[in-house]
Amino acid sequence: MKQLMALYIISYIVPRRKRRCYPTMKTYNICDPSSRTTTVDLTSPREWKQGVQESLSEKPLEGYLQAGSLQHDAGVTFLILLGAYAWVKLFNSLTKHQILGQKLSRKLVHITSGLLFALCWPFFSVSPWARYLAALVPATNGVRLLVYGLGILKDDGLVKSVSREGDPRELLRGPLYYVMVLVLCTVLFWRDSPVSVVSLAMMCAGDGIADIVGRRFGSKKLPYNSEKSWAGSITMFLFGFVVSLGCLWYFSFMGFYPFDLQGVALQLAAVSLAATLVESLPITNRFDDNLTVPLTTVILGLFLFPTRSIAGVLP
Ligand SMILES: C/C(=C\COP(=O)(O)O)CCC[C@H](C)CCC[C@H](C)CCCC(C)C
Ligand SMILES: Nc1ccn([C@@H]2O[C@H](COP(=O)(O)OP(=O)(O)O)[C@@H](O)[C@H]2O)c(=O)n1
């Protein structure tokens, strides 16, 4: 019985539509249900950009899953909301049983939550409202952070797993900005552009690992910022680059845009370097990293990566 339930859930989550297939190699094919295929030879960043524009210029498949889309997407949203609640609860339990320290717990939630959320995007249908249903997940968590951060309700477990010192008002800064960025990246860029996942990878993985490594191994401070260290910044650059690359590969594997290592490596390195430099600046007291890092990535990413639309509207 349990196996049947598991099979039903998995079959429910993975959209019942033919995935676009981009083999992770020099060329990729767009194979959509009308069995039209386009093969573009990707040998340079320009070709990669042209290839992505062409693949993204395909009209969303009309009528595909339209009938079942809303139910499908609502079901996926509900499952992710449950997952989000359980994920934070898990870290609350690890902190409560002193398996994880509060600071490390917060950073691991910081690194994993947004990435796991973005990795669920392919399970939504091609419907135009999918992104808005998906955005309900971070938006709901934002309301939760507001309610507990303002002290309207109390949840010591939530506060302990996402705050540094256990002060509920901490939820109204970093964590709240974090979920706001998730909402904006979901609604504005969704699966239409690499900018969304690269921005989340830099905010979640890059900025998150900088804290963990920097606190432990950051004895050599930066010349222009005694609060930040070479170890933290170098790790942010490298980990942010690798996780961004992994996210692009994943979305290519799931059929959303082609992946060409040669085509994206330089762009990703530039974005990761820019985000790392901004994060290292002595401005954290006035501008939270959870805003400056994704903002830097989006601005540079819009110039470097092809974007089919912003907020679902052709530019
Ligand atoms: C602790 C967090 C940010 C703090 O950042 P910083 O100030 O230390 O730089 C992250 C807060 C996460 C939030 C409470 C929960 C977000 C859940 C997410 C939208 C969905 C995750 C779903 C997935 C399936 C686990
Ligand atoms: N580039 C960096 C970033 C953080 N860190 C370390 O991590 C701590 C927290 O960094 P942060 O203020 O950016 O933390 P969040 O604002 O990301 O939560 C810093 O006080 C440093 O000890 C570092 O050494 N180098």
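Residues numbered from 1 in each chain as written. Chains lettered and ligands numbered in written order. Predicted model: local features only at pLDDT ≥ 70, side-chain atom pairs only at ≥ 80, totals over all residues. Heavy atoms only, no water.

## Observations regarding the site of ligand 2
And then number 1: Among the 14 residues in the neighbourhood of ligand 2, the closest are listed as Lys107, Arg164, Ser229, Glu279 and Asp289.
And then number 2: Lysine 228 is positioned such that a nitrogen or oxygen atom in its side chain is 3.4 Å from an oxygen atom of ligand 2.
And then number 3: Alone, ligand 2 offers 520 Å² of accessible surface; in the complex the protein occludes 87% of this.
And then number 4: Those elements that place two or more of their residues in the shell around ligand 2 are α8 (194-217), β4 (225-229) and α9 (230-253).
And then number 5: The element best represented in the shell around ligand 2 is α8, accounting for five residues.
And then number 6: Of the residues contributing to the shell around ligand 2, the split by class is one nonpolar, four polar and nine charged. (Near = heavy atom within 4 Å. Polar contact = N/O pair within 3.5 Å; in protein donor to acceptor, adjacent residues only side chain to side chain. Areas by Shrake-Rupley, 256 points an atom, 1.4 Å probe, with all protein chains shown as cover. Helix = DSSP H or I, 4+ residues; strand = E, 2+ residues; numbered from the N terminus. Nonpolar A, V, L, I, M, F, W, Y, C, P; charged D, E, K, R; others polar.)

## With respect to the site of ligand 1
And then number 1: Looking at ligand 1, there are 20 residues lining it, with Arg106, Lys107, His110, Gly174 and Asn290 nearest.
And then number 2: Within the side chain of arginine 106, one N or O atom sits 2.4 Å away from an oxygen atom of ligand 1.
And then number 3: Bound to the protein, ligand 1 loses 95% of the 700 Å² it would expose on its own.
And then number 4: When contributions to the shell around ligand 1 are tallied by element, the ones reaching two or more residues are α3 (66-96), α4 (102-119), α5 (130-149) and α7 (174-188).
And then number 5: Here the residues of the shell around ligand 1 are counted per class, giving 12 nonpolar, five polar and three charged.

## Focus on the side chain of aspartate 288
And then number 1: Here aspartate 288 lies in the loop between α10 (261-280) and α11 (289-304).
And then number 2: When its relative accessible area of 12% is taken as the criterion, aspartate 288 is described as buried.
And then number 3: Engagement of the side chain of aspartate 288 in a polar contact is seen with the backbone nitrogen of asparagine 290, the distance being 2.7 Å.
And then number 4: Once residues lying within four places of it in the same chain are set aside, the contact partners of aspartate 288 are Arg173, Gly174 and Tyr177. (Buried < 20%, exposed > 50% of the residue type's maximum accessible area, 1.4 Å probe, protein only. Contact = heavy atoms within 4.5 Å.)

## So, the packing of α8 against α9
And then number 1: At a closest axis distance of 7 Å, the pairing of α8 and α9 adopts a crossing angle of 150°. Accordingly, the angle class assigned to the pair α8 and α9 is roughly antiparallel. Relative to α9, α8 is oriented so that their crossing is right-handed.
And then number 2: Here the residues of the contact of α8 with α9 are counted per class, giving 18 nonpolar, six polar and one charged. (Axes fitted to C-alpha atoms, helices over the stretch in contact; angles between N-to-C directions. Parallel < 35°, antiparallel > 145°, perpendicular 65-115°, else oblique. Left-handed = near helix turned anticlockwise from the far one by under 90°.)

## Description of the nonpolar core
And then number 1: Counting 62 residues, the largest nonpolar core has Leu115, Trp121, Val197, Leu200, Leu248 and Leu268 as its most contacted members.
And then number 2: Tallying contributions element by element places α8 first for this core, with 13 residues.
And then number 3: Ignoring sequence-local partners within four residues, the contact set of leucine 248 consists of Pro194, Val197, Val198, Tyr257, Phe259, Val264 and Leu268. (Core = buried A, V, L, I, M, F, W, Y, C linked by side-chain atoms within 4.5 Å.)

## Looking at the packing of α9 against α10
And then number 1: At their nearest, the axes of α9 and α10 sit 9 Å apart, and the two run at 140° to each other. As the angle between them shows, α9 and α10 are arranged oblique. Where α9 crosses over α10, the two elements pack in a sense that is right-handed. Across from Ser233, Met236, Phe237, Gly240, Phe241, Ser244, Leu245 and Leu248 in α9, the residues of α10 making contact are Leu261, Val264, Ala265, Leu268, Ala269, Ser272, Leu273, Ala275, Thr276, Glu279 and Ser280.

## Thoughts on the confidence of the model for the chain
And then number 1: Residues with a pLDDT of 70 or more make up 78% of the chain, whose mean pLDDT is 83.
And then number 2: When the elements of the chain are averaged for pLDDT, strand β1 (residues 27-29) gives the smallest value, 33, and strand β3 (residues 221-222) the largest, 98.
And then number 3: Confidence drops under pLDDT 50 across residues 6-43; counting only partners more than four residues distant or on other chains, this segment forms 97 contacts.
And then number 4: Counting contacts from residues 59-65, a segment whose pLDDT is below 50, to residues more than four positions away or on other chains yields 17 contacts.
And then number 5: Quick note on the complex model: pTM equals 0.83, ipTM equals 0.97. (pLDDT = per-residue confidence, 0-100.)

## What to know about α4
And then number 1: Taking 1.5 Å as the rise per residue, α4 with 18 residues should run 26 Å; its terminal C-alpha atoms sit 26 Å apart, in good agreement.
And then number 2: Among the residues making up α4, those that are buried are Ser105, Arg106, Lys107, Val109, His110, Ile111, Thr112, Gly114, Leu115, Phe117 and Ala118. (Expected span 1.5 Å × (residues − 1).)

## A short note on the environment of leucine 266
And then number 1: One can find leucine 266 in helix α10.
And then number 2: When its relative accessible area of 69% is taken as the criterion, leucine 266 is described as exposed.
And then number 3: Through-space distance from the C-alpha of leucine 266 to that of tryptophan 129 is 33 Å; in sequence the pair is 137 residues apart.

## Quick notes on the packing of aromatic side chains
And then number 1: For the coordinates displayed, the defined rule picks out nine aromatic pairs.
And then number 2: Measuring from ring centre to ring centre gives 5.7 Å for phenylalanine 124 and tryptophan 190, while their planes differ by 70°; the resulting arrangement is edge-to-face. You can see phenylalanine 124 sitting in the loop between α4 and α5 and its partner tryptophan 190 sitting in the loop between α7 and α8, a full 66 residues away along the chain.
And then number 3: Residue classification places phenylalanine 124 among the buried positions, given a relative accessible area of 0%.
And then number 4: When the centroid spacing of 5.2 Å and the interplanar angle of 15° are considered together, the rings of tryptophan 249 and phenylalanine 253 count as stacked. Separated by four residues within a single helix, tryptophan 249 and phenylalanine 253 lie in helix α9, roughly one turn from each other.
And then number 5: Look at tryptophan 249 and you get partly exposed, because its relative accessible area is 36%.
And then number 6: According to the relative accessible area criterion, phenylalanine 253 is partly exposed, its value standing at 42%. (Phe/Tyr/Trp six-rings, centres within 6.5 Å; stacked < 30°, edge-to-face > 60°.)

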